[in-house]
Amino acid sequence: MGEKVLSLRGWKSAALSLIVIAGLPGVGRAVWFGLRNDVGVPVVVYSASDPLKPGKSFILNPGEMSMDGLVRPGTRFITIRDRKNPKRVYFQSSVPCVRDAFYSLQPDGPGRIKLVPMKVPPRPR
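Reading the values: rules and limits
- Here the residue index of a chain counts from 1 through its sequence in written order.
- Where local features are concerned, this predicted model is filtered to residues with pLDDT of at least 70; where side-chain atom pairs are given and counted, the filter is 80 or more; whole-chain, interface and lining totals use all residues.
- To get the side-chain values, take all heavy atoms of the structure and skip hydrogens and water.
- Helix and strand assignments come from DSSP, with helices taken as H or I runs of at least 4 residues and strands as E runs of at least 2, each series counted from the N terminus.
- Whether a residue is buried, partly exposed or exposed follows from its accessible area with a 1.4 Å probe, protein chains only, as a fraction of its type maximum: under 20%, in between, or over 50%, in that order.
- Note on definitions: a residue-residue contact is assigned when non-hydrogen atoms from the two residues lie within 4.5 Å.
- In short, DSSP must find at least two bridges between two strands for them to pair.
- Salt bridges are counted wherever a side-chain nitrogen of Lys or Arg sits within 4 Å of a carboxyl oxygen of Asp or Glu.
- The convention used is that axes are lines fitted to C-alpha atoms, helices contributing only their stretch in contact, and that angles between N-to-C directions extend from 0 to 180 degrees.
- Each nonpolar core is a collection of buried residues, namely Ala, Val, Leu, Ile, Met, Phe, Trp, Tyr and Cys, held together in the definition by side-chain atoms within 4.5 Å.
- Within a predicted model, pLDDT stands for the predictor's per-residue confidence, ranging from 0 to 100.

## Notes on the environment of Thr75
By the element assignment, Thr75 lies in strand β5 (residues 74-82). Judged by its relative accessible area of 35%, Thr75 falls in the partly exposed class. With 19 residues separating them in the primary sequence, Thr75 and Ser94 have C-alpha atoms 6.3 Å apart. Leave out the neighbours within four places in its chain, and Thr75 touches Ala48, Ser49, Ser94, Val95, Pro96 and Cys97.

Okay, here's the thing in structure tokens:
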């Protein structure tokens, strides 16, 4: 009988811990941030949550799409550079990410790219 009481107490403690964790700000509110390259040339995309720290980079070839799951909603600092000449910056700006967002990279005049909001595709599983 003593074992049943201990296991019930342990279960209650675990359930209470889950409730507390679920109630913390930012937990369970992950958002998706996506880009699709519609400019016709490969680019290097840098994405960071802090403008002073280098973000992760990845190559986005023409027609390719990238979806990132962000643990916390907030601002992403995006830099898009020429793949062949990384000193050439096509786009650099902060992008708010408070809900799922998807953007098409499109030409915006000579040597520039703009982010055009698009319908968010289904979330990756």
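## Quick look at the pairing of β5
As paired elements, strand β2 (residues 43-48) and β5 share six bridges and run antiparallel to each other. Each residue of the ladder has a partner; that of Val43, found in β5, is Asp82. Both β5 and strand β6 (residues 89-97) contribute to a ladder of eight bridges, which runs antiparallel. Across the sheet, Ile80 pairs through a bridge with Phe91, a residue of β6. Two successive antiparallel strands, β5 and β6, enclose a turn made up of six residues.

## Topic: the pattern of salt bridges
Close approach of charged atoms allows side chains with opposite charge to pair. Evaluated as defined, the whole model comprises three salt bridges. In this structure, Lys56 engages Asp68 in a salt bridge whose closest nitrogen and oxygen atoms are separated by 3.1 Å. Of this pair, Lys56 sits in strand β3 (residues 56-60) while Asp68 sits in strand β4 (residues 65-70), placing them 12 residues apart in sequence.

## Comments concerning the sheet that holds β2
The strand order across the open sheet built from four strands is β3-β2-β5-β6, with neighbouring strands paired in antiparallel fashion. The outermost strands of the open sheet, each flanked by one partner alone, are β3 and β6. Averaged over all pairs of adjacent strands, the angle between strand axes in this sheet comes to 20°, irrespective of strand direction.

## Observations regarding the nonpolar core
Among the nonpolar cores identified, the biggest contains 20 residues, and Phe33, Leu35, Val43, Ile80 and Leu105 are the most heavily contacted of them. Mapped by element, the contributors of at least two residues to this core are β1 (31-37), β2, β3, β5, β6, β7 (101-107) and β8 (113-118). Looking at which element gives the most residues to this core, the answer is β6, with four residues. Every residue in contact with Ile80, bar those within four places of it in the chain, is listed here: Val43, Val44, Val45, Arg88, Val89, Tyr90, Phe91, Leu105, Ile113 and Leu115.

## Some remarks on the side chain of Ser66
Secondary-structure assignment places Ser66 in strand β4. Judged by relative accessible area, Ser66 falls into the buried class, the value being 13%.

## Some remarks on the sheet that holds β4
Strands sit in the order β4-β1-β7-β8 across an open sheet of four strands; the sheet is mixed. The two strands at the open ends of the sheet, each matched to only one other strand, are β4 and β8. Looking at each pair of strands side by side, their axes are set apart by 25° on average, direction ignored.

## Remarks on the confidence of the model for the chain
On average, residues of the chain score 81 in pLDDT, and 75% of them reach the 70 mark or higher. Note that residues 2-27 has pLDDT below 50 and, in this model, three contacts with residues that lie over four places away or in other chains.

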